[in-house]
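The residues making up each chain are set out below.
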Amino acid sequence: MIVSFDFDDTIMVKEKEHSKRMCPWTKNQIKKEQDAGNKVIIVTSRYGPEPAFGNDNEDVFQAAKELNVDDVYFTQGEKKVETLLDLGVKKHYDNDQSELDAIESHPKSKIKAIKHVAGEKKEPGIKILIRKLILQELEAYQRKARKGYVKKRNRYLKTGPQKTGGAPYTKAPRPTRSKSAPPGFGGAEE
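Colleague: I keep staring at helix H4 (residues 97-105) and nothing clicks. Help me out?
Modeller: Restricting attention to buried positions, one finds in H4 the residues Glu 99, Leu 100, Ala 102 and Ile 103. Along H4, the residues classed as buried sweep out an arc of 160° about the axis, all on the same side. Exposed residues on H4 whose side chains face more than 90 degrees from its buried face are Glu 104 and Ser 105. Check the buried side of H4 and you find it contacts helix H3 (81-87), strand E6 (89-94) and strand E7 (112-115).

Colleague: Can you walk me through the pattern of salt bridges in this structure?
Modeller: Where charged atoms of side chains with opposite charge meet at close range, the side chains can pair. Summed over all chains, the structure comprises seven salt bridges. Between Lys 80 and Asp 6 there is a salt bridge; the shortest N-O distance is 2.9 Å. Note that Lys 80 is positioned in the loop between strand E5 (71-74) and H3 and Asp 6 in the loop between strand E1 (2-5) and strand E2 (12-14), a separation of 74 residues in sequence. A salt bridge links Lys 31 to Asp 35, with the shortest nitrogen-to-oxygen separation between them at 3.1 Å.

Colleague: Which parts of the structure should I look at to understand the pairing of strand E4 (residues 39-44)?
Modeller: Side-chain direction in a regular strand flips from residue to residue, so the side chains alternate between the two faces of the sheet. Within E4, five of the six residues are buried, leaving the element largely enclosed by the surrounding structure. Pairing analysis gives four bridges linking E1 to E4, with the strands arranged parallel. Its bridge partner lying in E4, Val 3 is registered against Val 40. Note: E4 against E5, four bridges, orientation parallel. In the sheet register, Thr 44 faces E5, and the bridge partner there is Phe 74.

Colleague: Explain the nonpolar core to me, please; I cannot follow it from the model alone.
Modeller: Within soluble globular proteins, side chains that are nonpolar generally end up buried alongside one another. Phe 5, Phe 7, Ile 11 and Ile 42 are the most contacted members of the largest nonpolar core, which has 18 residues in total. Among the elements of the structure, E1, E4, helix H2 (58-67) and E5 are those that each provide at least two residues to this core. If you tally residues by element for this core, the top one is H2, at four residues. Residue contacts for Ile 11: discarding those within four places in its chain leaves Phe 5, Asp 6, Arg 21, Met 22, Cys 23, Thr 26, Ile 30, Ile 42 and Leu 67. By size, the runner-up hydrophobic cluster in this structure holds ten residues, among which are Ile 41, Val 43, Val 89 and Leu 100.

Colleague: What am I meant to see in the sheet that holds E7 here?
Modeller: Paired through backbone hydrogen bonds, the strands of a sheet run either parallel or antiparallel to each other. The parallel open sheet is built from five strands, whose spatial order is E5-E4-E1-E6-E7. Lying at the two open borders of the sheet, with one neighbouring strand each, are E5 and E7. If you compare each strand with its neighbour and ignore which way they point, the axes differ by 25° on average. The strands touched by H4 within the sheet are E6 and E7, with E7 carrying the most contacts at an inclination of about 165°.

Colleague: Explanation requested: unusual backbone geometry in the structure shown.
Modeller: One can expect most non-glycine residues to show negative phi and most peptide bonds to be in trans. In this structure, Asn 68 takes a positive phi of about 60° despite not being glycine. Its place among the elements puts Asn 68 in the loop between H2 and E5. Residue class for Asn 68 comes out exposed when judged on its relative accessible area of 58%. For Gln 76, which is not glycine, the phi dihedral falls at a positive 55°.

Colleague: Would you mind showing me how to read H2 here?
Modeller: Taken together, the buried positions of H2 are Val 60, Ala 63, Ala 64 and Leu 67. Down the axis of H2, the buried set is contained in an arc of 100°. They therefore lie on one face. Exposed residues lying more than 90 degrees from the buried face of H2 are Gln 62, Lys 65 and Glu 66. Residues of H2 that are buried sit in contact with strand E3 (20-22), helix H1 (24-35), E4 and E5. Two residues or fewer past H2, Asn 68 is found with a positive phi of approximately 60°.

About the thresholds
- Every residue gets a number counted from 1 within its own chain, in the order that chain's sequence is written.
- Two thresholds apply to this predicted model, a pLDDT of at least 70 for residue-level local features and 80 or more for giving and counting side-chain atom pairs, whereas whole-chain, interface and lining totals are computed over all residues.
- Values reported for side chains reflect all heavy atoms of the structure, with hydrogen atoms and water molecules removed beforehand.
- Relative accessibility under 20% of the residue-type maximum defines a buried residue, over 50% an exposed one, and the middle range a partly exposed one, all with a 1.4 Å probe and only protein chains included.
- Only DSSP runs of H or I reaching four residues or more are called helices, and only runs of E reaching two or more are called strands; each is numbered from the N terminus.
- Directions from the helix axis toward the C-beta atoms define the arc.
- Contacts: residue pairs with any heavy atoms within 4.5 Å of one another.
- Between Lys or Arg on one side and Asp or Glu on the other, a salt bridge is scored when a side-chain nitrogen of the former is within 4 Å of a carboxyl oxygen of the latter.
- Whether two strands pair depends on DSSP finding at least two bridges between them.
- Working definition of a nonpolar core: buried Ala, Val, Leu, Ile, Met, Phe, Trp, Tyr and Cys residues. They are joined through side-chain atoms within 4.5 Å.
- Interaxial angles span 0 to 180 degrees and are taken between N-to-C directions of axes, which are lines fitted to C-alpha atoms, for helices over the stretch in contact.

All quantities given are derived from atomic positions and should not be read as evidence of function.
In structure tokens form, the structure reads like this:
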């Protein structure tokens with residue numbers, strides 16, 4: 001089976017103005033496809049392979065060599081669906097929704113189109129893992145604090161400190177939360 005990957009923003013992640021790096025998730029996915037016995041190619045809508053518009057496409061060929069990709073195809077700015085059909089591609093990874101829509105809406109296409117934007121599926125960093133652990137601990141503490149709260153509150157309302165002056169209650173207070181103060185009696189206004 002032939003599997004194709006788009007290059008810009010699918011294989012490569014743009015970090016800064018002129019800096020790019022390979023997406024780890026895409027790199028792993030390419031390795032999985034190759035291990036499954038699939039032929040992996042790059043299909044990009046860039047103009048090439050010769051230099052055009054100041055772009056020499058060296059980064060595409062360097063990535064293809066590093067990833068051990070079988071071949072690179074350029075569609076010269078055209079939609080990729082016709083090239084994919086001509087090559088016999090069965091699965092295509094791309095970040096451009098219009099490309100994926102063109103693949104899915106083509107009458108002869110039986111290509112499985114998968115959306116992937118480089119950098120979206122990141123491995124969680126240590127800070128994120130620590131935050132998750134802290135939140136889990138807080139949730140456990142909050143559950144423990146909430147357990148039996150209503151029962152304790154109701155008992156306190158009925159048996160708590162008694163009124164020392166004035167007439168006693170004519171009816172027992174409701175065990176629900178009290179309402180807010182009426183407008184003009186809150187602590188925010190002076």
